[in-house]
Structures are given as C-alpha cells and as structure tokens.
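Spelled out, the chains give:
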Amino acid sequence: MTYDHPDAAARSASRPFGRLLTAMVSPFTSDGSLDLDGAARLASYLVDEQGNDALVVNGTTGESPTTTDAEKERLIRAVVEAVGDRAKVVAGVGTNDTRHTIELAAAAEKAGAHGLLVVTPYYNKPPQAGLVRHFTAVADASGLPVMLYDIPHRAGVPIDTETLVRLAEHGRIVAVKDAKGDLTATSWVTSRTSLAFYCGEDALTLPALAVGSVGLVGTSTHFTGALTAQMIDAYDAGDMPTALALHRRLLPLFTGVFRTQGTILVKAGLAALGLPAGPVRPPLVDATDDEIAQLRVDCAAAGLELPE
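Residues numbered from 1 in each chain as written. Predicted model: local features only at pLDDT ≥ 70, side-chain atom pairs only at ≥ 80, totals over all residues. Heavy atoms only, no water.

As annotated in an unreviewed UniProt entry, the protein carries the name 4-hydroxy-tetrahydrodipicolinate synthase and comes from Micromonospora vulcania. UniProt's Subunit (unreviewed entry) comment on the protein is quoted here verbatim: "Homotetramer; dimer of dimers." (UniProt positions renumbered as here; feature names shortened; annotations may be inferred.)

Below, the structure written as structure tokens:
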C-alpha cells in the first residue's frame, strides 16, 4: 500500500543540494600526503555509482582538523573538476574563529565550491548571540549558499530553535545539517522556516524525513548511497513499506560504521573495495583487524559484501 504525499513536490523543490550527500573522506597516500588523483576517483565513484547528488569535502569525515588551508583548497578544486558538472560540491569551512572561517569560505568560493558547510564554533562555546553573529558574518562575506552544521555533541553547544529561526531570515542561509538527534526540535524549525534540513545521523534519516527533513548528509553512504537514495525516493513516492524495509536493511551499517570514529572504518572499507582511501592522520588511528572483521559482519547484515 502507498500513501498520498501532498508535500513531496514541495520537498523536491526545496532541496538546494539534492536529496543525498556524502561527507567524503580525504584520501591520503601511504606517507600521509593528500592524494588528489584518489580524491577525484573517489568522488566519481560516489556520484556515478552511489547516487550522490552532492559531496561534502573538508568536513570532519574528511579529517579537516588535520588538513592545512592549502590542502583544503586543492581538494575542493580536484573534486569540482572531477564531478562538478554533475553534482554539487559543498565545502566544509567552519572553525571556532570567525575570521578564519571567512577566509576559508572565500578560498572555497574561489576554488569553485557550490556551497558552504559551516559548523557551530567548537570548544569556545559561544552563547546564542555569538552563533548568530558568527553565522551571519560568514554568510554576509560569501556569495555561496550556506548549510549550518548543528552537532552539539562535538561542538559543545546546540544551535537553539529560536536561533535557527532567526538565521533562516538570511537569504544565503538555506540549509541545516542536523546532527542534534532531537526530532522535536527539528519539527519546530521545519514547521516555522523554509530551511532545508538534512539529517546528519544516518540511522535517523527515515524518521527525520517524516518531520520535514529533505535528505541526508551521510557517512555510511560511502557504501550504502545507492540504497539510501532508493529509501528516500520511496518515502517521497509515499511507498512507506519499501522505505521502512530499506531502513531496516541498512540499519546495521548505518550504525556499524560508527563503532569507532567514522572516518577510520570508512577508510578501511574503501581500502577493502580497492578504492582510494589511505591511512588516517594522527590523532586518529587506522582500524584494527578486529574492527575490520566486524565491519564485514555489519556489511553482510546490510546485504552488502566487503571483500577479504
């Protein structure tokens, strides 16, 4: 049985970055240097084979805390050159320094990015007035559309509902990567603004769609992208049984990729598939044999094969 979905067309029209984005890892060579050829190959795989409408580069999954500003700019250029004609490239530029964030935003725009991902300033824990000032300053300084990144368990502070409502008044603040895990708060903001909410927790994608979100910025989608896109499409079509079946099928990998820090297991899985990944940079550590074995179990539980 399917159900009429009166807002499906409106949801499709309100997706500034499409329905599915992957927060892409940054491939490195064996000596830990940036692998730009590998980045281009991985980006093409994620767009052409995994069905991503856009890619986020230089996010946390891309090890942005340990890449230099120059590396970030080179990575954007490489990914834009590889897939920018058929997918959007969203550049992570957020830091806990407003001035530095504006500099990274300008560099990303010059490098050809189609949008900006701006995380809540972390560690210094600004009050809500400081968040408004920070996000507004970045949006004012750039001509690119901005996706706010609300992830209080990393940043230390949430972007409160009233703050999001206020920021939605800015013409270039168009979306939120929502990793707050609070569907009630999501419901309030999506009911009061036109912000495009992208779920930031893979396993919550389906329930997030039900309260007004428009898609996912995922991590497990390095492997589950094509099926996750099918799940979102089924939801849009009002085919709830199919959407729920895909959610339940993918749940072992939606969650399993986070048994340790997500980048670690994504890179291990990509390496097993023969795709560009390379090592992680310290303070991260590469996956252990036991962690890789468990990842294979999680992949198998989701109906996906990870070669030995």
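**Considerations on the UniProt feature "binding site: pyruvate" (unreviewed entry) in the protein**
As recorded in UniProt, the sites labelled "binding site: pyruvate" (unreviewed entry) are Thr61 and Val217. These residues run over 157 residues, yet every pair of their C-alpha atoms falls within 11.1 Å of each other. Setting aside chain neighbours within four positions, we find Thr61 in contact with Ala23, Met24, Val25, Ser26, Thr219, His222 and Thr263. Locating Val217 in the fold gives a position in strand 8 (residues 215-218). For Val217, the residues in contact, after removing those within four places along its chain, are Leu21, Ala23, Val56, Met147, Lys177, Tyr198, Cys199, Gly200 and Asp202. (Contact = heavy atoms within 4.5 Å. Helix = DSSP H or I, 4+ residues; strand = E, 2+ residues; numbered from the N terminus.)

**Focus: the UniProt feature "site: Part of a proton relay during catalysis" (unreviewed entry) in the protein**
Per the UniProt entry, the sites bearing "site: Part of a proton relay during catalysis" (unreviewed entry) are Thr60 and Tyr123 in this numbering. Not counting residues up to four positions away in its chain, the partners in contact with Thr60 are Arg154, Gln261 and Thr263. Mapped onto the elements, Tyr123 comes out in the loop between strand 4 (115-119) and helix 5 (128-141). Among the residues examined, Tyr123 registers a relative accessible area of 75% and is labelled exposed. Excluding anything up to four places from it in sequence, Tyr123 contacts Asn96 and Ala155. (Buried < 20%, exposed > 50% of the residue type's maximum accessible area, 1.4 Å probe, protein only.)

**Comments concerning the side chain of Lys72**
The residue Lys72 is located in helix 3 (residues 69-83) in this model. Within the buried core, Lys72 has no salt-bridge partner, and the shortest N-O distance to an opposite charge, that of Asp69, equals 4.7 Å. Polar contacts involving the side chain of Lys72 include one to the main-chain carbonyl oxygen of Thr67, which spans 2.5 Å. With residues up to four places along the chain from it excluded, the contact list for Lys72 reads Asn58, Ser64, Thr67 and Leu104. (Lys, Arg positive; Asp, Glu negative; His and termini not counted. Salt bridge = Lys/Arg side-chain N within 4 Å of Asp/Glu carboxyl O. Polar contact = N/O pair within 3.5 Å; in protein donor to acceptor, adjacent residues only side chain to side chain.)

**Here we look at the pairing of strand 6 (residues 173-178)**
With five of six residues buried, strand 6 is to be regarded as a mostly interior element. In this structure, strand 6 lies alongside strand 7 (residues 196-199), joined through four bridges in parallel fashion. In the strand pairing of strand 7, Asp178 is matched with Cys199. (Pairing = 2+ DSSP bridges.)

**Overview of the sheet that holds strand 1 (residues 20-23)**
Taken in spatial order, the eight strands close into a barrel running 1-2-3-4-5-6-7-8, and their pairing is parallel. Between one strand axis and the next, the sheet turns through 25° on average, direction left out of account. Of the pairings in the sheet, the one linking strand 3 (residues 88-92) to strand 4 comprises three bridges and is parallel in character. Residue Ala91 lies in a different strand from strand 4, and its bridge partner there is Leu116. (Axes fitted to C-alpha atoms, helices over the stretch in contact; angles between N-to-C directions.)

**Structural notes on the confidence of the model for the protein**
Residues at a pLDDT of 70 or more form 96% of the protein, whose mean pLDDT is 96. Within the model, pLDDT remains below 50 along residues 1-6, and this stretch shows 12 contacts once partners closer than five positions in the same chain are excluded. (pLDDT = per-residue confidence, 0-100.)

**Some details on helix 3**
Compared with an ideal rise of 1.5 Å per residue, which puts 15 residues at 21 Å, helix 3 spans 21 Å between its outermost C-alpha atoms and is within 8% of the ideal. Along helix 3, the residues classified as buried are Glu71, Lys72, Leu75, Ile76, Ala78, Val79, Val80, Ala82 and Val83. As for helix 3, its buried residues are in contact with helix 2 (36-48), strand 2 (54-57), strand 3 and helix 4 (98-110). (Expected span 1.5 Å × (residues − 1).)

**Overview of the packing of aromatic side chains**
For the coordinates displayed, the defined rule picks out one aromatic pair. For the pair Phe17 and Tyr198, a centre-to-centre distance of 6.4 Å together with 50° between the ring planes defines the contact as tilted. In this pair, Phe17 is assigned in the loop between helix 1 (8-13) and strand 1 and Tyr198 in strand 7, connecting sequence segments 181 residues apart. Of the two residues examined, Phe17 and Tyr198, each falls in the buried class. Cation over ring: Arg281 sits above Phe28, and NZ or CZ is 4.2 Å from the ring centre. (Phe/Tyr/Trp six-rings, centres within 6.5 Å; stacked < 30°, edge-to-face > 60°. Lys NZ or Arg CZ within 6 Å of the ring centre and 35° of its normal.)

**Re the environment of Thr120**
Position of Thr120 among the secondary structure elements: in the loop between strand 4 and helix 5. The sequence separation of Thr120 and Val157 amounts to 37 residues, and the corresponding C-alpha distance is 7.6 Å. Apart from the residues lying within four places of it in its own chain, the contact partners of Thr120 are Leu131, Phe135, Tyr149, Asp150, Ile151, Ala155, Val157 and Ile159.

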